[in-house]
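# Results of the structural survey
One-letter residues, chain by chain:
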Amino acid sequence: MKKLIYLDNAATTRTAPEVVEAMLPYFSEAYGNPSSIYSLAGESKKAIDHARDTIAGVLSARPEEIYFTAGGTESDNWALKAAAEFYGKKGNHIITTKIEHHAILHSCQWLEKQGFEVTYLDVDENGVVKLEELKKAIRPTTILISVMFANNEIGTIQPIREIGEIAHENGILFHTDAVQAFGQLPIHVDDFHIDMLSASGHKLNGPKGIGFLYIRKGVKIRSFIHGGAQERKRRAGTENVPGIVGLGKAVERAAETMEERTEKERELRDYLIKRVLSEIPYTRLNGHRNLRLPNNANFSFQFIEGESLLIMLDMEGICASSGSACTSGSLDPSHVLLAIGLPHEIAHGSLRLTLNEEITKEDLDFVVETLKNIVERLRSMSPLYEDFIKKAQ
């Protein structure tokens, strides 16, 4: 059996053993409903409070500013739709970017149908928001700016501190989708002038189906799910106690290992990028060369089709992606790659490799050698490549 080399950690991560261990008692021993008043329920409530304190500490936030959700998508929907509803009395204009996750883009499209106006900012060839364009887009009616902390496909890190400053100087709420960045980069909400922040457990070795939304004290947004009085009357429904415990443990683990872990990931990422770009011709790196997530490498290979590449990598035991897992069923090229200026035919030949702490240099050597063989094989079957080579001779 081939060794599995998992390089799709931007899609999801393996739940860490210590996270699973922390969660287990809350399935069958401390299973009380935290809203009840007896001592068994008190154990669940105490565990939730501990997880909330942990997350707040990592963000330099207050525990009462952390609200548990079902994940990043719910958090994004809640932040945009509820903020638009409350602050809609002040204005109807929202600013975001063309490279956001679809949880943001589709929420904005829904809001447009409700009468809101949305500006979708362009980015440069590296996927970075142009601050001058952001300033120009601001109107007297602008109520919210939402820009992701780091892109889930190409890994580019945005100038979040500067964006937050611009928002606050103009009296505008600032939300960031930090699903990919939280646990990979140090984030202190006050330093970055963040009013709302979305995160998800399964991107940082926690369980799926759990996330949180940070809402700065004083930000007025309504409940997104109505029912009981859970989460200080802002998010109804019996709390997912095992999930919350697992999220808290994953956040604790990520914070403790961040410096050493990301240093190793950067070193291996740069090694991978150097080998691929120098050994496979007609290849480009997508995203900013340096201002990118520690574990992200995204390439486009000319004259090949990404789906065939993924299938052949899978046959060799390598798990990878052509972009966001949320759009893997789509035949359209990545909206992110189109936004940074790639033509359709090159965007279709993209490959995202996202590392974790278990990946070794030997793993990456195998991946590069495998990639070289597969790309060569696919190009040998491409009439476009054949024509290109003939013209180049």
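In case you missed it, the structure is sitting above this.
Residues numbered from 1 in each chain as written. Predicted model: local features only at pLDDT ≥ 70, side-chain atom pairs only at ≥ 80, totals over all residues. Heavy atoms only, no water.

Of the regular secondary structure elements, the protein chain holds 14 helices and twelve strands. Taken against the 2.2 N^0.38 rule, which gives 21 Å for 393 residues, the C-alpha radius of gyration of the protein chain at 22 Å falls within 12% of a compact globule. Structurally, the protein chain occupies a C-alpha span of about 75 × 55 × 35 Å along its principal axes. Across the 393 residues that make up the protein chain, the buried fraction comes to 55%. Partitioning the contacts of the protein chain with sequence separation of at least 6, the portion at a separation of at least 24 is 73%. Surface accessibility of the protein chain: about 17500 Å² in total, with carbon and sulfur atoms responsible for 52%. (Helix = DSSP H or I, 4+ residues; strand = E, 2+ residues; numbered from the N terminus. Rg over C-alpha atoms; globule rule 2.2 N^0.38 Å. Buried < 20%, exposed > 50% of the residue type's maximum accessible area, 1.4 Å probe, protein only. Contact = heavy atoms within 4.5 Å. Areas by Shrake-Rupley, 256 points an atom, 1.4 Å probe, with all protein chains shown as cover.)

Looking now at helix α13 (residues 361-380). For α13, which comprises 20 residues, the first-to-last C-alpha distance of 29 Å matches the rise-based estimate of 28 Å (1.5 Å per residue) to within 8%. Of the residues making up α13, those classed as buried are D363, L364, V367, V368, T370, L371, I374, V375, L378 and R379. (Expected span 1.5 Å × (residues − 1).)

Before going further, it helps to examine the side chain of S146. Inspection of the secondary structure assignment puts S146 in strand β5 (residues 142-146). Judged by relative accessible area, which is 0%, S146 ranks as buried. For S146, the residues in contact, after removing those within four places along its chain, are L80, I95, T96, T97, E100, I104 and H175.

Before going further, it helps to examine unusual backbone geometry. If a residue is not glycine, its phi is most likely negative; likewise, a peptide bond is most likely trans. For N205, which is not glycine, the phi dihedral falls at a positive 65 degrees. Here N205 shows up in the loop between β7 (196-200) and β8 (211-215). For R232, which is not glycine, the phi dihedral falls at a positive 55 degrees.

Our next topic: the sheet that holds strand β9 (residues 283-285). Hydrogen bonding along the main chain pairs the strands of a sheet, whether they run parallel or antiparallel. The strand order across the open sheet formed by three strands is β9-β10-β12, and the pairing between neighbours is antiparallel. Bordering the open sheet on either side are β9 and β12 (350-354), each of which pairs with just one other strand. Neighbour to neighbour, the strand axes of the sheet diverge by 25 degrees on average, direction disregarded. Here five bridges tie strand β10 (residues 296-301) to β12, and the two strands are oriented antiparallel to one another. Each residue of the ladder has a partner; that of N296, found in β12, is T354. Along the sheet face, helix α9 (residues 241-279) touches β9, β10 and β12 and points at about 10 degrees away from the line of β10. (Pairing = 2+ DSSP bridges. Axes fitted to C-alpha atoms, helices over the stretch in contact; angles between N-to-C directions.)

In a pair of packed helices, the angle between the axes and the distance between the axes together describe the arrangement. Running from N to C, helix α4 (residues 72-87) and helix α5 (residues 102-113) cross one another at 30 degrees; their axes reach a closest spacing of 9 Å. The pairing of α4 with α5 is recorded here as roughly parallel in orientation. Judged by the twist between their axes, the crossing of α4 over α5 is right-handed. Residues T73, D76, N77, L80, K81 and A84 of α4 pack against A103, I104, S107, C108, W110 and L111 of α5. Broken down by class, the residue content of the contact of α4 with α5 amounts to seven nonpolar, three polar and two charged. (Parallel < 35°, antiparallel > 145°, perpendicular 65-115°, else oblique. Left-handed = near helix turned anticlockwise from the far one by under 90°. Nonpolar A, V, L, I, M, F, W, Y, C, P; charged D, E, K, R; others polar.)

What follows concerns the environment of I154. Within the secondary structure, I154 is located in the loop between β5 and α7 (160-169). For I154, a relative accessible area of 0% translates into the label buried. C-alpha of I154 to C-alpha of V118: the two residues are 36 residues apart in sequence and 24 Å apart in space. Discounting chain neighbours no more than four positions away, the residues touching I154 are N126, G127, N286, G287, R292, N296, N298, V336, L337 and I340.

Here we come to the sheet that holds β7. Across the sheet, which stays open at both edges, the seven strands sit in the order β2-β8-β7-β6-β5-β3-β4 with mixed pairing between neighbours. For this open sheet the edge positions go to β2 (66-69) and β4 (117-121), each flanked by a neighbour on one side alone. Across this sheet, the average inter-strand angle for adjacent strands is 20 degrees, counted without regard to direction. Where β7 lies against β8, five bridges are found, and the strand directions are antiparallel. Across the sheet, M196 pairs through a bridge with I215, a residue of β8. Strand contacts of α4: β2, β3 (93-97), β5, β6 (173-177), β7 and β8, with the helix running at about 160 degrees to β7, the strand carrying the most contacts.

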